[in-house]
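This is what each chain is made of:
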Amino acid sequence: MPILEVQHINKSFGQTQVLNDISFSLERGEAMAIIGSSGSGKTTLLRCLNFLETPNSGKIIVNEETLFDGSRPTQPSDAEIRKKRLHFGMVFQSFHLFPQYTALENVMLASLLLAKERPDYKQNKRVIHEEIEHHAIALLEQMSLNGRMTHYPHQLSGGQQQRVAIARALALKPDILCFDEPTSALDPELTDEVLRVIRGLADKHTTMIIVTHEMAFARDVADHVVFMDDGVVVEEGRPQDVFENTQNERTKAFLHRFSQNS
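Described below are features of the structure shown in this document. (Residues numbered from 1 in each chain as written. Predicted model: local features only at pLDDT ≥ 70, side-chain atom pairs only at ≥ 80, totals over all residues. Heavy atoms only, no water.)

Quick look at the environment of Phe 92 now. Along the chain, the position of Phe 92 falls in the loop between strand S6 (88–91) and helix H3 (103–115). Distance in space between the C-alpha atoms of Phe 92 and Ala 169 is 9.8 Å, their sequence separation being 77 residues. Every residue in contact with Phe 92, bar those within four places of it in the chain, is listed here: Leu 52, Gln 162 and Asp 180. (Helix = DSSP H or I, 4+ residues; strand = E, 2+ residues; numbered from the N terminus. Contact = heavy atoms within 4.5 Å.)

Side chains that carry opposite charge are capable of pairing whenever their charged atoms lie near each other. Scanning the model with the defined rule gives 9 salt bridges in all. Ionic pairing is found between Arg 72 and Asp 69, a salt bridge with its closest N-O pair at 3.1 Å. We classify Asp 69 as buried; its relative accessible area is 12%. Its salt-bridge partner being Arg 126, residue Glu 130 comes within 3.6 Å of it at the nearest N-O pair. With a gap of 4 residues between them, Glu 130 and Arg 126 both fall in helix H4 (residues 125–142), about one helical turn apart. On the basis of relative accessible area, Glu 130 is assigned to the partly exposed category, the value being 34%. Taking the relative accessible area as the measure of exposure, Arg 126 reaches 67% and is therefore exposed. (Salt bridge = Lys/Arg side-chain N within 4 Å of Asp/Glu carboxyl O. Buried < 20%, exposed > 50% of the residue type's maximum accessible area, 1.4 Å probe, protein only.)

To continue, consider the sheet that holds strand S9 (residues 224–229). With mixed pairing, the 6 strands of this open sheet are ordered in space as S6-S7-S8-S3-S9-S10. Either end of the sheet is taken by a strand with one partner, and the two such strands are S6 and strand S10 (232–237). Mean inter-strand twist for the sheet, computed between neighbouring axes without regard to direction, equals 20°. The strands touched by helix H6 (residues 188–203) are strand S7 (176–180) and strand S8 (208–211); relative to S8, the strand with the most contacts, the crossing angle is about 150°. (Pairing = 2+ DSSP bridges. Axes fitted to C-alpha atoms, helices over the stretch in contact; angles between N-to-C directions.)

Before going further, it helps to examine the packing of helix H5 (residues 158–170) against H6. With their axes 8 Å apart at the nearest point, H5 and H6 run at an angle of 25° to one another. For the element pair H5 / H6, the angle class is roughly parallel. Like other packed secondary-structure pairs, H5 and H6 cross with a definite hand, here right-handed. In contact with Gly 158, Gly 159, Gln 160, Gln 162, Arg 163, Ile 166 and Leu 170 of H5, H6 contributes Leu 190, Glu 193, Val 194, Val 197, Ile 198 and Leu 201. Grouping the constituent residues of the contact of H5 with H6 by class yields 7 nonpolar, 4 polar and 2 charged. (Parallel < 35°, antiparallel > 145°, perpendicular 65-115°, else oblique. Left-handed = near helix turned anticlockwise from the far one by under 90°. Nonpolar A, V, L, I, M, F, W, Y, C, P; charged D, E, K, R; others polar.)

For the rest of this paragraph, the subject is the packing of H3 against H4. Contact pair H3 / H4: the axes reach a minimum separation of 9 Å and the direction vectors enclose 140°. Taken together, H3 and H4 sit at an angle that is classed as oblique. Between H3 and H4 the crossing geometry is right-handed. In this structure, H3 contributes Ala 103, Leu 104, Val 107, Met 108, Ser 111, Leu 112 and Ala 115 to the contact, and H4 contributes Ile 128, His 129, Ile 132, Glu 133, Ala 136, Ile 137, Leu 139 and Leu 140. Classifying every residue of the contact of H3 with H4 by side-chain character gives 12 nonpolar, 2 polar and 1 charged.

This part is about the pairing of S10. Bridge count for S9 against S10 is 5 bridges, and the pairing is antiparallel. Paired with Phe 227 across the two strands is Glu 235, which belongs to S10. Counting the residues that bridge the hairpin from S9 to S10 gives 2 residues, and of these Asp 230 lies at a positive phi of roughly 55°.

This paragraph deals with the side chain of Thr 207. Looking at the element boundaries, Thr 207 is found in the loop between H6 and S8. One polar contact links the side chain of Thr 207 to the main-chain amide nitrogen of Gly 29, over a distance of 2.7 Å. (Polar contact = N/O pair within 3.5 Å; in protein donor to acceptor, adjacent residues only side chain to side chain.)

Spatial strand order, S2-S1-S4-S5: 4 strands in an open sheet with antiparallel pairing. Taken across any chain shown, the strands that pair with only one partner, and hence form the sheet edges, are strand S2 (16–26) and strand S5 (65–69). With direction set aside, neighbouring strand axes in the sheet form an average angle of 20°. On top of the sheet, helix H1 (residues 42–49) reaches strand S1 (4–13), S2 and strand S4 (57–62); it is set at about 65° to S2, its chief contact.

Another aspect to go through is the nonpolar core. Inside soluble globular proteins, nonpolar side chains tend to come together where they are buried. Grouped together as the largest cluster of nonpolar side chains are 41 residues, with contacts concentrated most on Ile 166, Phe 179, Ile 198 and Met 208. Among the elements of the structure, H3, H4, H5, S7, H6, S8 and helix H7 (215–221) are those that each provide at least two residues to this core. Counting residues per element, this core draws most heavily on H6, at 7 residues. Core analysis: the second largest hydrophobic core is formed by 30 residues, Met 32, Phe 88, Phe 92 and Ile 209 among them. (Core = buried A, V, L, I, M, F, W, Y, C linked by side-chain atoms within 4.5 Å.)

Below, the structure written as structure tokens:
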């Protein structure tokens, strides 16, 4: 049974159709790469999955739980949306760290906010805080940021900030980790630094969706590749099929243009 099922998702902004009948599934422990030209709808798709945008129609199902059903429109409360978002950890291309908090505090923040809603929080505040801190420290150590935990974002390189953002996304133990072009704001050296971290997560069979322009990385790391163009899934399959045995002319044209520009 897939961990994620996306069924016939449509999204428009005014008269502009951004996503058109998007459907795919993701298995537990699988890394999916979504590729395509800028403006093809990749980021909007991730934002719909994470409920930063609301689709116009379709279904989103995680672990057999329907999180969104466009045939039964409702207005979920903020608390319900927060609960749905817990299934997804989001890593943005521009880090989005809180500048007033240290690396450690950024990773701890969401867990602390959720902990305050627990009925036993006041009684066990110290123990809960220590557990959250220990978990955050372990994640930052996993990101090789042992000596940077008390640094503020402005004291970190772009690659270090992105690794803090990855640790933060992992802090709530999401079902699916989503990356929205996580290296687009980085120079080549820092790009390699972040890609090594994502490769390590793939080796541990972390369930991931990665929107990327790094074609070699997508070919090497992904179990499944989806090519989007003009809001449509044009081609999908195993990396060797999409990259080496391309069936669709639009995919061939994109990969040809990309190879010429890279």
